[in-house]
Amino acid sequence: MDLDALKANLKKDFKKIVSQEELNQLKVKYLGKKGQITELSKNIKNLPSKERPTFGKKIGELRSLYESFLGSAQEKIELQIINESLEKDRIDVTLPGSYKSQGKLHPLTITTKKIADFFSSKGYLIEDGPEIESDYYNFDALNIPKDHPARDMHDTFYLENGNLLRTHTSPVQIRSIEKRGAPLKIICPGKVYRSDADKTHTPMFHQVEGLVINENVNFGHLKNEIMTFIDFFFGPDTKVRFRPSYFPFTEPSAEVDIMDKKSNNWLEIMGCGLVHPNVIDMAGLDSKKFSGFAFGMGIERMAKLLYEIEDMRSLFSNDLKFLSQ
Ligand code: PHE
């Protein structure tokens, strides 16, 4: 094939190119081992020596023509690939997004965590205890003997085997002293049960028990701890009142009220007192050596005040509209 015919073919061939594959074939066709330009170049040795420079120059021109065709064909194909993928992967940004609702912690969980965080930062251990209790731990060991009138106030759920659903978290006081001895600093959040249901009572609710046992613990220690806690939980300008009260397992005993800023009413939030010497002795420590204070608060009530919840039962109705507020 002569040079001019080859040049014409080259032009035609490159014009037709639409894919990378075709382009690769052309590379072989012209510059492969047996390619047309390659073959033509070989002829140079058969030419008389004075024709060789001219022929060489022409071959050179042919090669650069080939290179420039190749370059622009390659560019054209790449552009084509980009355009195709842009067309295929097109995203319609005007379509509505898909909404994924995210889970949240339950108000009671948040409240419990807030209480537990405060006390663990002050060195209290977080304890746990059984919800099915014996009469002994729920009552006797807490200085509430069988015929004690305080038992009536507890609206206890009894099980057939004589055990019961704990009516408060106070049995954990005894279990912790038995397990760990003194000195001791624990809180125990957990479920408690009483046969009672209305706007402000649910048959299952939550309490946090606190207990500190050491030498020379007095009411001042208790008061300071509770006031610091209330400052943390409700804010530093919260009004607090300690009202004398009665629990068989503490002496003296008090109920703690806070002033509700909205209604201007005193609201009871916990019971507390110095641990009764009988309780300390029954749990196996010497009440002449050790004294202590204890407190117990209802978590629902704390959540109710924190979130201004009207009806206690809404904490358990699993109404997402309520829970996600
Ligand atoms: N256990 C008491 C109750 O359920 C609360 C309390 C705990 C009172 C510890 C004093 C000390 O009402």
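Because the structure is predicted, anything quoted here is derived from the model rather than measured. Just so you know, the residues in each chain are numbered from 1, in the order the chain's sequence is written. In keeping with the model being predicted, local features are shown solely for residues with a pLDDT of at least 70 and side-chain atom pairs are shown and tallied solely at 80 or more, while totals for entire chains, interfaces and linings include all residues. Working from all heavy atoms in the structure, the side-chain values ignore hydrogens and water.

### Notes on the pairing of strand E9 (residues 291-298)
Every regular strand shows the same layout, with side chains that alternate between the two sheet faces. Categorising residues by exposure relies on relative accessible area from a 1.4 Å probe, with only protein chains included: less than 20% of the type maximum marks a residue as buried, more than 50% marks it as exposed, and the intermediate range marks it as partly exposed. Per the convention used, a helix needs a DSSP run of H or I reaching at least four residues, while a strand needs a run of E reaching at least two, with both numbered from the N terminus. Most of E9 is tucked away: 7 of the 8 residues are buried. Any two strands between which DSSP finds at least two bridges are classified as paired. Judged from the 8 bridges that link them, strand E5 (residues 204-214) and E9 form a sheet pairing that is antiparallel. Opposite Gly210, over in E9, you have Phe295 as the bridge partner. Relative to E9, strand E8 (residues 266-275) is paired through 5 bridges, and the arrangement is antiparallel. If you follow Leu274 over to E9, its bridge partner there is Phe293.

### What about the packing of aromatic side chains?
Between the rings of Phe, Tyr and Trp (Trp by its six-membered ring), a pair exists once the centres lie within 6.5 Å; its type follows the angle of the planes, with under 30 degrees stacked, over 60 edge-to-face, and the other angles tilted. Scanning the model with the defined rule gives 14 aromatic pairs in all. Ring centres of Phe118 and Phe119 lie 4.9 Å apart, and the angle between their planes is 90°; this geometry places the pair in the edge-to-face category. Relative to Tyr124, the ring of Phe119 lies with its centre 5.0 Å away and its plane at 75°, an arrangement referred to as edge-to-face. Residue Phe119 shares its accessibility class with Tyr124, and that shared class is buried. Each member of the aromatic cluster is reached from another via a ring pair, and the members are Phe118, Phe119, Tyr124, Phe229, Phe232, Phe233, Phe234 and Phe295.

### A closer look at the domain arrangement of the protein chain
These domain limits were set by an automatic method or by a database of domain assignments. Segmenting the protein chain into domains produces domain 1 (3-88) and domain 2 (107-323). Just the C-alpha atoms count here: the centres of domain 1 and domain 2 sit 91 Å apart.

### Here's the deal with the nonpolar core
Side-chain atoms within 4.5 Å are what join buried Ala, Val, Leu, Ile, Met, Phe, Trp, Tyr and Cys residues into a set we call a nonpolar core. Counting residues in hydrophobic clusters, the biggest one holds 35 residues, and the most contacted among them are Phe119, Phe229, Ile269, Phe295 and Met297. The set of elements that each furnish at least two residues to this core consists of helix H5 (107-121), E5, helix H8 (219-234), strand E7 (250-259), E8, E9, helix H10 (299-307) and helix H11 (320-323). Considering each element in turn, this core owes the most residues, 6 residues, to H8. Should any heavy atoms of two residues lie within 4.5 Å, those residues are counted as being in contact. Residues in contact with Phe229, not counting those within four places in the same chain, are Ile115, Phe118, Phe119, Met270, Met297 and Met302. By size, the runner-up hydrophobic cluster in this structure holds 24 residues, among which are Phe139, Ile186, Ile213 and Ile280.

### Topic: the packing of H8 against H10
To obtain each axis, a line is fitted to C-alpha atoms, and for helices this fit is confined to the stretch in contact; angles are then taken between N-to-C directions over 0 to 180 degrees. Interaxial distance between H8 and H10 falls to 11 Å at its minimum, and their mutual angle equals 45°. In terms of orientation, H8 lies oblique with respect to H10. Touching Phe229, Phe233 and Phe234 of H8 are Met302, Leu305 and Leu306, all from H10. Of the residues belonging to the contact of H8 with H10, the class tally is 6 nonpolar, no polar and no charged. Oblique is the label for any angle not covered by the other classes, which are roughly parallel (under 35 degrees), roughly antiparallel (over 145) and roughly perpendicular (65 to 115). Under the convention adopted here, Pro, Cys and the residues Ala, Val, Leu, Ile, Met, Phe, Trp and Tyr are nonpolar, Asp, Glu, Lys and Arg are charged, and Gly plus all remaining residues are polar.

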